[in-house]
There are 2 protein chains.
Amino acid sequence: MEINKAGKEIPQEFIKQYGSYAGEFERICPYQEASRKINPVRPRESKKVATIRAAIEKTGLKDGMTISFHHHFREGDYVMNMVLKEIADMGFKNISIAPSSIANIHEPIIDYIKSGVITNITSSGLRDKVGAAISAGIMQNPVIIRSHGGRARAITSGDIHIDVAFLGVPSSDEYGNANGTVGKATCGSLGYAMMDAKYANQVVLVTDTLVPFPNTPISIPQTDVDYVVEVAEIGDPKGIAKGATRFTTNPKELLIAEYAAKVITHSPYYKEGFSFQTGTGGASLAVSRFLKDAMIKDGITADFALGGITNAMVELLEEGLVKKVIDVQDFDYPSTISLGANVNHYEIDANMYASPSSKGAFVNQLDTAILSALEIDTAFNVNVMTGSDGVIRGASGGHCDTSAGCKMSLIIAPLVRGRIPTIVDQVNTVITPGTSVDVVVTEIGIAIHPDRQDLIEAFAKLDIPQYTIKELKDIAYGIVGDPEPIQYGEKVVALIEYRDGSIIDVVKNV
Amino acid sequence: MEINKAGKEIPQEFIKQYGSYAGEFERICPYQEASRKINPVRPRESKKVATIRAAIEKTGLKDGMTISFHHHFREGDYVMNMVLKEIADMGFKNISIAPSSIANIHEPIIDYIKSGVITNITSSGLRDKVGAAISAGIMQNPVIIRSHGGRARAITSGDIHIDVAFLGVPSSDEYGNANGTVGKATCGSLGYAMMDAKYANQVVLVTDTLVPFPNTPISIPQTDVDYVVEVAEIGDPKGIAKGATRFTTNPKELLIAEYAAKVITHSPYYKEGFSFQTGTGGASLAVSRFLKDAMIKDGITADFALGGITNAMVELLEEGLVKKVIDVQDFDYPSTISLGANVNHYEIDANMYASPSSKGAFVNQLDTAILSALEIDTAFNVNVMTGSDGVIRGASGGHCDTSAGCKMSLIIAPLVRGRIPTIVDQVNTVITPGTSVDVVVTEIGIAIHPDRQDLIEAFAKLDIPQYTIKELKDIAYGIVGDPEPIQYGEKVVALIEYRDGSIIDVVKNV
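Here we summarise the structure given alongside this text.

Thresholds, definitions, all that
- Residues numbered from 1 in each chain as written.
- Chains lettered and ligands numbered in written order.
- Predicted model: local features only at pLDDT ≥ 70, side-chain atom pairs only at ≥ 80, totals over all residues.
- Heavy atoms only, no water.
- Helix = DSSP H or I, 4+ residues; strand = E, 2+ residues; numbered from the N terminus.
- Rg over C-alpha atoms; globule rule 2.2 N^0.38 Å.
- Buried < 20%, exposed > 50% of the residue type's maximum accessible area, 1.4 Å probe, protein only.
- Contact = heavy atoms within 4.5 Å.
- Areas by Shrake-Rupley, 256 points an atom, 1.4 Å probe, with all protein chains shown as cover.
- Lys, Arg positive; Asp, Glu negative; His and termini not counted.
- Charge placed at Lys NZ, Arg CZ, Asp CG, Glu CD.
- Pairing = 2+ DSSP bridges.
- Least-squares fit on C-alpha atoms with pLDDT ≥ 70 in both.
- Axes fitted to C-alpha atoms, helices over the stretch in contact; angles between N-to-C directions.
- Salt bridge = Lys/Arg side-chain N within 4 Å of Asp/Glu carboxyl O.
- Polar contact = N/O pair within 3.5 Å; in protein donor to acceptor, adjacent residues only side chain to side chain.
- Buried area = accessible area lost by both parts, 1.4 Å probe.
- Nonpolar A, V, L, I, M, F, W, Y, C, P; charged D, E, K, R; others polar.
- Left-handed = near helix turned anticlockwise from the far one by under 90°.

Details of the overall build of chain A
Next up, step 1: In terms of regular secondary structure, chain A is built from 16 helices and 30 strands.
Next up, step 2: For chain A, the C-alpha radius of gyration of 22 Å lies close to 24 Å, the compact-globule estimate for 510 residues.
Next up, step 3: Expressed along its principal axes, the backbone C-alpha trace of chain A runs to roughly 70 × 55 × 40 Å.
Next up, step 4: Relative to its 510 residues, chain A shows a buried fraction of 66%.
Next up, step 5: Contacts in chain A between residues at least 24 apart in sequence constitute 73% of all its contacts with a sequence separation of at least 6.
Next up, step 6: Carbon and sulfur atoms form 51% of the exposed surface of chain A, whose accessible area is close to 17,200 Å².
Next up, step 7: Positive and negative side-chain charges of chain A, numbering 47 and 61 respectively, have mean locations separated by a distance of 3 Å.

Spelled out as structure tokens, the structure:
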């Protein structure tokens, strides 16, 4: 055991393999970029393959290989289940899967784990039943949780080497030029899939909308694609849009959002040409609304908004309050339409969004970001992965990437949820280290990280109640009582990689 | 000495190093893609550097390294001369330069070769004084001539490894997002530069138009860029547009163009959704005009036009006769504007345009291409590199890429030029092997490659005089007499790589 820089105990074997988290930028060094094996395509050769099974056969997939998928279809994804079913039916074993994330709809993987088809997983997150099964210890090897930027880093560095990527695309031509803005089930940006396309040895596109060559715009180019398979349906548009959230009417969330917007508009970063990222939760969307009112009142426009994009952001773009929207993922239908139609709505890949090892990601240029939390502890560490019962149910996402890159990160959360405190002595699972967190915003007031004396001074006269993080914790505990410690087992079921590839935490079985 | 598949004698030492040309697709095999060393950029780090000299210092350039440039500014380029002057002034020696091509304006490199600053060159072409100096034997090491697709292949395979790319860009933000459609000296597509940006260890952008972050559209992304330098002027718009050619009024060229258009419109490929590439010469532009008239008359539209793009192609796009223009390079100002404004005018890189080792280049999807020639021989081999005096003055360009990829290649040329035959017994220098050539079009008629019995049948009733290639040669020789053999020296001054990296010919000193 060794205690890392985030204050968490990490078993020696994992430290040996991955290194121990040592600070946000301690392990960012020059490196040789990974590369793929390319099988050139000659004139008159076709990439069209009749079925997923035939495509799997053509790739020469073998037991022990790594395959990947993207999560742009979220709860509407049919592709990962279709491909895994074929792979299981064909009798493959010991497959590693490296999807950009895993949703509830991917519940069938529980059986594939049990039957030995899948033996390794890396993902941004695990939801509901899959998360519960993993937390119960059904896998021999721990799942590796990576942030969106961390996955990009792992791919570009070769830590994740994808043998075959199976990428669902809303439209493609027969030569593999694909995008997410045209088709029966549009998902908008293909920012996460673009990584797999560029670095995988072989790429199989799966689409339900085959269009004449050449399909444009080109998010995934023909030069990254080996095979194209047409299927009846790649996904359910309703499930794809499940990331969308309505504007909240919850008074507590509205108060948090109002405070967060006020923190931003009273910060040194709020000026003509500023930039921001907001999330998709109810309170996050409400922040956009309050921010919008302030920007109109103050005559201030933002140079860009970044992130997972929702209609709230598209409206700001269309109203001229935001000059450009930089988009790695779309959470609702209107934003997929905007990406296809508005030249100032621009698609980028995950490397350009958030990788700590790139020649400069967009998160590095961000003034402020609003991020959510399941738990925040008195060292400002944030957990977005495990519930208060210790069970995996969240996703790392871009949380630690954005907070490390931006100039001022805001973590918004209610002080308590039901009978559970949100501000705690120590989070169950560290996803984002406290050094990346600048301001915690709750419905009773804010806590500023003591390292940010500049912000403490800037906010001295702000009319929002201010506390130390310990005071917030004490109030939370005062309301709901001290939380019961979780009874973990001895088995490590998930490794939490920090974006640089080191281990910032582990999750044990419950 | 060994005689290769194109019938040319290649000295053993070069065969050993590069392999001997053995046929168009004989050497296209799976390979591990080359990669770059990446120096990650952390938040708050700036890429802005005050001067070119300071940027060179920051890159840690050393004697013996390889640097590169792009040729999108053609005769208007200031960047290569500016950078090389600094490098010479700083005392560097033994530098390899790997520009995508070299123009007349780059005449200063003659002195840098003589002074030992530059000791190796690879390029698509060499013009006028530089070509003459190389042909005179001023370099110890032969220049390596690569086609546009061949250069892309060489970069992706690691045959060309660029230590530092100095890329002039019409606009960039301080973080390195650049395009060619905004700025003081626009060049449109940055298709060739995009290769260097993706594979060079370090990339220095040089711009005269610094715009607010984030600059869009993004042709070269921030994730490919290490440093950004602002200078007063990157190029002369008049020189940049020097690729533009007016519509010809020369009756011989018009007749060739009319015949070429007729060959296309009477071929099996001329149908709804066909595709084509035309060049920039007077006759090529005239082909577009004749083709346009036929397409209107026949009610046929093309799915795409490819290539180096001129206003003639943009007009076809705007008139709806061509659905999409796929653009690796722009030859005039109107096409740079169109690329920035028309969503159906799409920018691609050189790998996607023409590399034989990619997962499928656009040339592979092309129905027909019209290409020019300095010489064509009775084996249909084409020379676009050396003049009738044996002196280097041309460029390989996309000639062998396009003809190998497309379904029907047309080589258009006058039978004689002045007192010099164009159709000859053996070309001075083979750029494109005869097996890639389908129809030769002259002002007196056409010759169809005997391997294309399908075309011979298809054109049986075409009202254009038809000859064998030997008959065309005999007529040419009959008009101007047998050409005098060139008195070459013993020194190899240039190696002609076929697109697959093998040596298809060598050029000796004159």
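Continuing now.
Observations concerning the sheet that holds strand E21 (residues 382-383) of chain B
Residues and elements named next belong to chain B.
Next up, step 1: Sheet architecture is open: three strands sit in the order E21-E20-E25, paired in mixed fashion. Here the strands that pair on one side only, and so sit at the sheet edges, are E21 and strand E25 (423-424).
Next up, step 2: By the bridge criterion, two bridges tie strand E20 (residues 375-377) to E25 in an arrangement that is parallel. Residue pairing in the sheet places aspartate 377 in a bridge with valine 424 of E25.

Some details on the relation of the copies chain A and chain B
Next up, step 1: Under the fitted operation, chain A is carried onto chain B by 0.0 Å of movement along the axis and a turn of 180 degrees, and the coordinates agree to an RMSD of 0.0 Å. The two molecules are tied by a two-fold rotation axis, judged by turn and shift. Closest to the rotation axis within chain A is the C-alpha of Ser35(A), separated from it by 3.0 Å.
Next up, step 2: A high fraction, 100%, of the interface residues of chain A reappear at the interface in chain B, so the copies pair face to face through one surface.

Overview of the environment of Val427(A)
Residues and elements named next belong to chain A.
Next up, step 1: In this structure, valine 427 sits in the loop between strand E25 (423-424) and strand E26 (439-442).
Next up, step 2: Counting along the chain gives 23 residues from valine 427 to alanine 404, while the straight-line C-alpha distance between them is 18 Å.
Next up, step 3: Those residues in contact with valine 427 that sit more than four places away from it in its chain are Lys8, Glu375, Ile376, Asp377, Asn381, Val382 and Asn383.

Some thoughts on the sheet that holds strand E22 (residues 408-412) of chain A
Residues and elements named next belong to chain A.
Next up, step 1: On the basis of which strands lie adjacent, the open sheet formed by nine strands has the order E18-E17-E16-E15-E19-E22-E26-E27-E28 and mixed pairing. Each edge of the open sheet is held by one strand with a lone partner, namely strand E18 (345-347) and strand E28 (466-467).
Next up, step 2: Of the strand pairs in this sheet, strand E19 (residues 368-372) and E22 are connected by five bridges, and their pairing is parallel. Within E22, the residue paired with alanine 369 across the bridge is serine 409.
Next up, step 3: Across the sheet, helix H11 (residues 311-318) touches strand E15 (274-277), strand E16 (302-309), strand E17 (322-330) and E18, and the angle it forms with E17 is around 155 degrees.

Details of the pattern of salt bridges
Next up, step 1: The full count for this structure, using the stated rule, is 54 salt bridges over all chains.
Next up, step 2: Between Lys198(A) and Asp349(A) there is a salt bridge, with the nearest N and O atoms lying 2.4 Å from each other. With a gap of 151 residues between them, Lys198(A) in helix H7 (residues 193-199) and Asp349(A) in the loop between E18 and helix H13 (350-354) connect regions that are remote in the sequence.
Next up, step 3: The class of Lys198(A) is partly exposed, set by a relative accessible area of 34%.
Next up, step 4: A relative accessible area of 8% places Asp349(A) in the buried class.
Next up, step 5: Among the ionic pairs, Lys129(B) bridges to Glu107(B), the shortest N-O distance being 3.8 Å. Residue Lys129(B) is located in helix H5 (residues 128-136), and its partner Glu107(B) is located in the loop between strand E7 (95-97) and helix H4 (109-114); the two are separated by 22 residues in the primary sequence.
Next up, step 6: Connected through salt bridges with shared partners, the residues Arg146(A), Arg153(A), Asp159(A) and Glu497(A) form a single ionic network.

Things to note about the side chain of Thr442(A)
Residue and element names in this part refer to chain A.
Next up, step 1: Mapping threonine 442 onto the fold places it in strand E26.
Next up, step 2: A distance of 3.2 Å separates the side chain of threonine 442 from the backbone nitrogen of isoleucine 444, its partner in a polar contact.
Next up, step 3: A polar contact is formed between the side chain of threonine 442 and the backbone oxygen of glycine 445, at a distance of 2.8 Å.

Comments concerning the side chain of Asp327(A)
Residue and element names in this part refer to chain A.
Next up, step 1: Here aspartate 327 lies in strand E17.
Next up, step 2: Within the structure, the side chain of aspartate 327 is placed 2.8 Å from the backbone nitrogen of glutamine 329, a separation counted as a polar contact.
Next up, step 3: Those residues in contact with aspartate 327 that sit more than four places away from it in its chain are Ser189, Gly307, Ile309, Leu339, His345, Tyr346, Glu347 and Ile348.

Regarding the environment of Gln12(B)
Residue and element names in this part refer to chain B.
Next up, step 1: Checked against the element boundaries, glutamine 12 lands in helix H1 (residues 12-18).
Next up, step 2: Measuring from C-alpha to C-alpha, the distance between glutamine 12 and isoleucine 121 comes to 21 Å, with 109 residues separating the pair along the chain.
Next up, step 3: Each residue touching glutamine 12, except ones within four places of it in the same chain, is listed here: Met1 and Glu2.

Some points on the pairing of strand E22 (residues 408-412) of chain B
Residue and element names in this part refer to chain B.
Next up, step 1: With five of five residues buried, E22 is to be regarded as a mostly interior element.
Next up, step 2: Going residue by residue along E22, you find Met408, Leu410 and Ile412 tucked away on one face and Ser409 and Ile411 tucked away on the opposite face as well.
Next up, step 3: Sheet topology note: the E22/strand E26 (residues 439-442) ladder contains three bridges and is parallel. By the bridge assignment for E26, leucine 410 is matched with valine 439.

Some details on the interface of chain A and chain B
Frequently, the measure chosen for interface size is the accessible area that the parts lose on association.
Next up, step 1: In this complex, chain A contributes 59 residues to the contact, which on the side of chain B involves 59 residues.
Next up, step 2: Here chain A and chain B share an interface that buries about 5,100 Å² over both sides, 55% of which is from carbon and sulfur atoms.
Next up, step 3: Its largest share of buried area at the contact with chain B, chain A owes to Ile38(A), Thr223(A) and Lys359(A), together 17% of the area lost on that side.
Next up, step 4: Across the salt bridge formed by Lys359(B) and Asp226(A), the nearest N and O atoms sit 2.7 Å from each other.
Next up, step 5: Run the count over chain A and chain B and you get 36 residue pairs in polar contact (both at pLDDT 80 or more).
Next up, step 6: Where the side of chain A that touches chain B is concerned, the elements lending two or more residues are strand E3 (31-32), strand E4 (37-38), strand E13 (202-207), E16, E17, H13 and helix H14 (399-405) of chain A.
Next up, step 7: For the side of chain A that touches chain B, the class distribution of residues is 29 nonpolar, 18 polar and 12 charged.
Next up, step 8: Pairing between E4(A) and strand E3 (residues 31-32) of chain B: two bridges, direction antiparallel. Counted as the bridge partner of Ile38(A) is Tyr31(B) from E3(B).

Focus: the packing of helix H2 (residues 52-59) of chain A against helix H3 (residues 79-89) of chain A
Residue and element names in this part refer to chain A.
Next up, step 1: Orientation of H2 relative to H3, taken along the N-to-C sense of each, is 65 degrees, at an axis distance of 10 Å. When you trace H2 past H3, the crossing you get is right-handed. Each of Ile52, Arg53 and Ile56 in H2 lies in contact with H3, whose residues at this interface are Met82, Val83, Glu86, Ile87 and Asp89.
Next up, step 2: A per-class count over the contact of H2 with H3 returns five nonpolar, no polar and three charged.

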